[in-house]
Amino acid sequence: MVGLKPSEVPPTTAVKFLGAGTAACFADLLTFPLDTAKVRLQIQGENQVARSAQYRGVLGTILTMVRTEGPRSPYKGLVAGLQRQMSFASVRIGLYDSVKQFYTPKGSDHSSITTRILAGCTTGAMAVTCAQPTDVVKIRFQASVQAGPGSNRKYSGTMDAYRTIAREEGVRGLWKGTLPNITRNAIINCAEMVTYDVIKEKLLDYHLLTDNFPCHFISAFGAGFCATVVASPVDVVKTRYMNSPPGHYRSPFDCMLKMVTQEGPTAFYKGFTPSFLRLGAWNVVMFVTYEQLKRALMKVQMLRESPF
């Protein structure tokens, strides 16, 4: 490593793992209200409480929540959301390069699109297996509609939510919707990681940009748009199924069929605008922060290993 700058030293798996989780938490802090608005728009029309809210658009949804439920309502489920990112993004993003290298044949200079897609599916599925309970609790908080700031809440806090769900629905309740969530996150992870990977690689290979902020921004924006387009239908099904009371839907497939028959195919793209705003902004913040964190962490590691 002598004579090399931090940006020239390949980051270790530990650096990527920690950097991805931290960057994802930072991105969540900035974009969480958009995610909450997306969830509310996705469940609208599913039950009488959701119908009565009459959410209209991203800003309208957030303003309605603030007016009827208090200023903290857009951040419902934030604690579970941060827990989710530390256990989820660390795996699906932090381990992506390592898994990609594992699937890449020895001697190859570049990984194929198929290899990258396979790596994205693998880390996405692994992440869901670890973090599913945090996602269930986050969605329950975001979807719960209160009559006002002083009204009764089903859960007194994040830990109470885990305990209550496990007590009322069994441990399986904490892993409710795992299959649609694995499907969703495999798709999103492929769309995000592969798109970001390919765009960044081409920008660098053709010397259009250097490995800096504009390159990371453009790559992340493209990743966010691509992920939203391909993942919205399964994301809506996942949200509906995970938020539903026991017995309301027999399976994620039953949820999908009821949505089509009762609300039409456009129901699969409910909340598309906040989904795009959320994923686009989240990807830009996350990937830009992630790239900077990797460099900073590698600099710290090099200083520790330096004999001087």
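Calculation rules
- Along each chain, the written sequence defines residue order, and numbers are assigned to residues from 1.
- For this predicted model, a pLDDT threshold of at least 70 governs which residues receive local features, and a threshold of 80 or more governs which side-chain atom pairs are given and counted, while totals over whole chains, interfaces and linings are taken from all residues.
- Derived side-chain values reflect all non-hydrogen atoms in the structure, with water molecules and hydrogen atoms excluded from consideration.
- Secondary structure elements follow DSSP: runs of H or I of four or more residues count as helices, runs of E of two or more count as strands, with numbering from the N terminus.
- Expected span of a helix: the number of residues minus one, times 1.5 Å.
- Across the chain, bend at a residue is computed as the angle between axes fitted to the seven residues ending at that point and the seven starting from it.
- The definitions used throughout rest on a 1 Å grid laid over the protein atoms alone, on which a cavity is an enclosed set of points accommodating a 1.4 Å probe that cannot get out and a pocket is an open set flanked by protein within 12 Å on both sides along at least five of seven lines; lining residues are those having an atom within 4 Å of a point.
- Grid points are joined across faces, edges and corners, and a volume is the space filled by probe spheres set on the points.
- Each residue receives one of three labels: charged for Asp, Glu, Lys and Arg, nonpolar for Ala, Val, Leu, Ile, Met, Phe, Trp, Tyr, Cys and Pro, and polar for the others, Gly being one of them.
- Grouping buried Ala, Val, Leu, Ile, Met, Phe, Trp, Tyr and Cys residues that are joined through side-chain atoms within 4.5 Å yields what is termed a nonpolar core.
- Throughout this description, buried means an accessible area under 20% of the type-specific maximum (1.4 Å probe, protein chains only), exposed means over 50%, and partly exposed covers the range between.
- Residue ranges labeled as domains rest on an automatic or database domain assignment.

*Asks:* Residues and numbers for helix α10 (residues 213-243), please.
*Replies:* Compared with an ideal rise of 1.5 Å per residue, which puts 31 residues at 45 Å, α10 spans 38 Å between its outermost C-alpha atoms and falls more than 12% short. Taking the largest bend as the criterion, α10 deviates by roughly 60°, centred on A231, and proline P233 comes between one and four positions later.

*Asks:* Mind laying out empty space enclosed by the protein, listing which residues take part and the relevant values?
*Replies:* For the structure shown, the criterion picks out 1 cavity of 30 Å³ or more. Volume-wise, the largest cavity comes out at about 240 Å³. Lining of the largest cavity is provided by 24 residues; of these, R84, R184, I188, R278 and L279 occupy positions nearest its centre. Looking at the lining of the largest cavity, the elements that each hand over two or more residues are α1 (13-43), α4 (78-92), α6 (113-143), α9 (178-205), α10 and α12 (272-305). It is α10 that contributes the most residues to the lining of the largest cavity, 6 residues altogether. Looking at the lining of the largest cavity, its residues break down into 7 nonpolar, 6 polar and 11 charged.

*Asks:* Describe in detail the nonpolar core, supporting the description with residues and values.
*Replies:* Counting 27 residues, the largest nonpolar core has I93, W282, M286, F287 and Y290 as the members making the most contacts within it. Listed by contribution, the elements that provide at least two residues to this core are α1, α4, α5 (96-103), α6, α9, α10 and α12. Mapped onto the domain boundaries, this core takes at least three residues apiece from domain 1 (77-176) and domain 2 (177-270). Listed in part, the 14 residues of the second largest apolar core include V137, I139, A161 and Y162.

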